[in-house]
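The lines below spell out each chain.
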Amino acid sequence: MPKKIGLILWLLGAAVLISLLSYPIERHINSTDFLTLPLADRVIVLDPGHGGPDGGAVGADQTVEKDIALTVSQKLRDYLVQAGATVYLTREKDRDLANPDTRGIAQRKVEDIKNRVAFVEEKDPDIFLTIHLNALSSTQWRGAQTFYHPSRPDSKRLAEQIQTEIIASLGNTTRDALAINSVYVLKHANRPASLVEIGFLSNPDELTLLKSSDYQEQMAASIYLGVLSYFSEGDQ
Ligand SMILES: [Zn+2]
């Protein structure tokens, strides 16, 4: 084969190879898939309640609120991130947010709650969710319930959307989202915010459910669906 034809064939081959290589890359760049994720550009702060020396509510078998609140928050974070959101947790492990050298549980509690609000200020999220569990002396109460500060209609809508999805998916309650004045982080979050009480450790059947990974996953998925509804409705 003459050298010239060999060179032309080589160049043709190289051109085909380059176009083959670049085709999928261009397709990928032109794809709008990642732009259409439902929570793209959304920033969300999740606050697993309590932590460290503050265990929160306790079940009959010594199950503590702080552990389940963290696990469900992490599962919820996974759903939200897959939908494109940027998510920050106020804590990733078993600790409170007080300064390390502060002594006394009461003083630590004050600092902890103020630092959670400061965390929200710093991250400047679109929404803020604080995740807790309940326990009462009576064992009859069960089911999840969301709360909001009455000063913000958007917080009310957020709490209602989450409560609606929990009722639809889990069917574990008939209660409505409820306005509450006394929760410091809701009052001072300064953006759409909801407290999600995911269940009662004091109810024996619900305690078993709350400890199960499947139920924690379902709870996280229900809250996630509520967040999705909140944002999709807000966009209309
Ligand atoms: Zn709590």
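If you're wondering where the values come from, they're calculated on a predicted model, not measured in any experiment.

Undergrad: Quick question: what am I supposed to make of the pairing of strand β2 (residues 86-89) here?
TA: Successive residues of a regular strand alternate their side chains across the two faces of the sheet. Residues of β2 alternate between two faces, with V87 and L89 buried on one and T86 and Y88 left unburied on the opposite face. Once the chain exits strand β1 (residues 43-48) it traverses helix α2 (residues 65-82) before rejoining the sheet at β2, and the crossover so formed is right-handed.

Undergrad: Which parts of the structure should I look at to understand the nonpolar core?
TA: Inside soluble globular proteins, nonpolar side chains tend to come together where they are buried. Ranked by internal contacts, the top residues of the largest apolar core, which has 36 residues, are L80, L129, I198 and I223. Looking at this core, the elements that each hand over two or more residues are β1, α2, β2, β3 (127-134), α4 (153-170), β6 (193-200), α6 (204-211) and α7 (213-234). Examining the composition of this core, we find that eight residues originate from one element, α7, more than from any other. Beyond its immediate chain neighbours, meaning those up to four positions away, L80 contacts L39, I44, L46, A85, V87, Y224 and V227.

Undergrad: Honestly, the side chain of D112 in this entry has me stumped. Any pointers?
TA: Mapped onto the secondary structure, D112 falls in helix α3 (residues 105-123). Taking relative accessible area as the criterion, D112 reaches 3% and is therefore assigned buried. Not counting the four nearest positions on each side in its chain, D112 is found in contact with D96, L97 and A98.

What counts and what doesn't
Residues numbered from 1 in each chain as written. Predicted model: local features only at pLDDT ≥ 70, side-chain atom pairs only at ≥ 80, totals over all residues. Heavy atoms only, no water. Buried < 20%, exposed > 50% of the residue type's maximum accessible area, 1.4 Å probe, protein only. Helix = DSSP H or I, 4+ residues; strand = E, 2+ residues; numbered from the N terminus. Right-handed = clockwise from strand over helix to strand, strands pointing away. Core = buried A, V, L, I, M, F, W, Y, C linked by side-chain atoms within 4.5 Å. Contact = heavy atoms within 4.5 Å.

Remember that the coordinates give geometry; whether it matters functionally is a separate question.
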